[in-house]
Amino acid sequence: ACVFYEGLHNDSRTALAIALTADERGARVANHVEMLSLDEKGALCRDALTGETWNVVADRIVLAGGPFTDALLEKSNRQPTSRG
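Structural notes, computed from the coordinates.

About the thresholds
- Residues numbered from 1 in each chain as written.
- Predicted model: local features only at pLDDT ≥ 70, side-chain atom pairs only at ≥ 80, totals over all residues.
- Heavy atoms only, no water.
- Helix = DSSP H or I, 4+ residues; strand = E, 2+ residues; numbered from the N terminus.
- Expected span 1.5 Å × (residues − 1).
- Buried < 20%, exposed > 50% of the residue type's maximum accessible area, 1.4 Å probe, protein only.
- Pairing = 2+ DSSP bridges.
- Axes fitted to C-alpha atoms, helices over the stretch in contact; angles between N-to-C directions.
- 1 Å grid on protein atoms, 1.4 Å probe; cavity = no way out; pocket = protein on both sides within 12 Å on 5 of 7 lines; lining within 4 Å.
- Points joined across faces, edges and corners; volume = space filled by probe spheres on them.
- Nonpolar A, V, L, I, M, F, W, Y, C, P; charged D, E, K, R; others polar.

With respect to helix α1 (residues 11-24)
Across its 14 residues, α1 extends 20 Å between first and last C-alpha, which sits within 8% of the 20 Å expected from 1.5 Å per residue. Two residues or fewer past α1, Gly26 is found with a positive phi of approximately 100°.

A short note on unusual backbone geometry
The backbone phi angle of His32 is positive, close to 60°, even though this residue is not glycine. Here His32 lies in the loop between α1 and β1 (33-39). Here His32 falls in the partly exposed class, since its relative accessible area comes to 45%.

Let's talk about the sheet that holds strand β2 (residues 42-47)
In a beta sheet, neighbouring strands pair by backbone hydrogen bonds and run either parallel or antiparallel. One open sheet holds the three strands; their spatial order is β1-β2-β3, and the pairing between them is antiparallel. The strands lining the two open edges of the sheet, one partner per strand, are β1 and β3 (53-57). Each neighbouring strand pair of the sheet contributes to a mean axis angle of 25°, computed without reference to strand direction. In this structure, β1 lies alongside β2, joined through six bridges in antiparallel fashion. When the sheet's bridge partners are listed, Glu34 is paired in β2 with Arg46.

Side note on the environment of Asn31
Looking at where Asn31 falls in the secondary structure, it is placed in the loop between α1 and β1. With 18 residues separating them along the chain, Asn31 and Leu49 place their C-alpha atoms 9.4 Å apart.

A short note on the pairing of β3
In terms of strand pairing, β2 meets β3 through five bridges, oriented antiparallel. Within β3, the residue paired with Ala43 across the bridge is Val56.

Notes on the layout of surface pockets
Any empty space left between the atoms is revealed when a probe the size of a water molecule rolls over them. Empty space within the largest pocket amounts to approximately 1000 Å³. Along the walls of the largest pocket sit 22 residues, with Arg28, Val29, Ala30, Val33 and Val56 positioned nearest its centre. When contributions to the lining of the largest pocket are tallied by element, the ones reaching two or more residues are α1, β1, β2 and β3. Residues of the lining of the largest pocket, tallied by class, amount to 17 nonpolar, three polar and two charged.

Written as structure tokens, this is what we have:
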């Protein structure tokens, strides 16, 4: 667990640490990627720099979009299950 106070926490450093740890453990990490659509099997993604598209197949997908989570859910034609 971590306690931090908004404005005093270095979000970018935390995000980089998570990405590097995921890479070390075998994850594929990408930047400048847009999720075009989402279904039960995974997501269709596009590289915003090259335009290349590919499918990401996953057992579980976490929509960690903060204030943009509802917009991500719209791409899957799903509704939020709870509000916090």
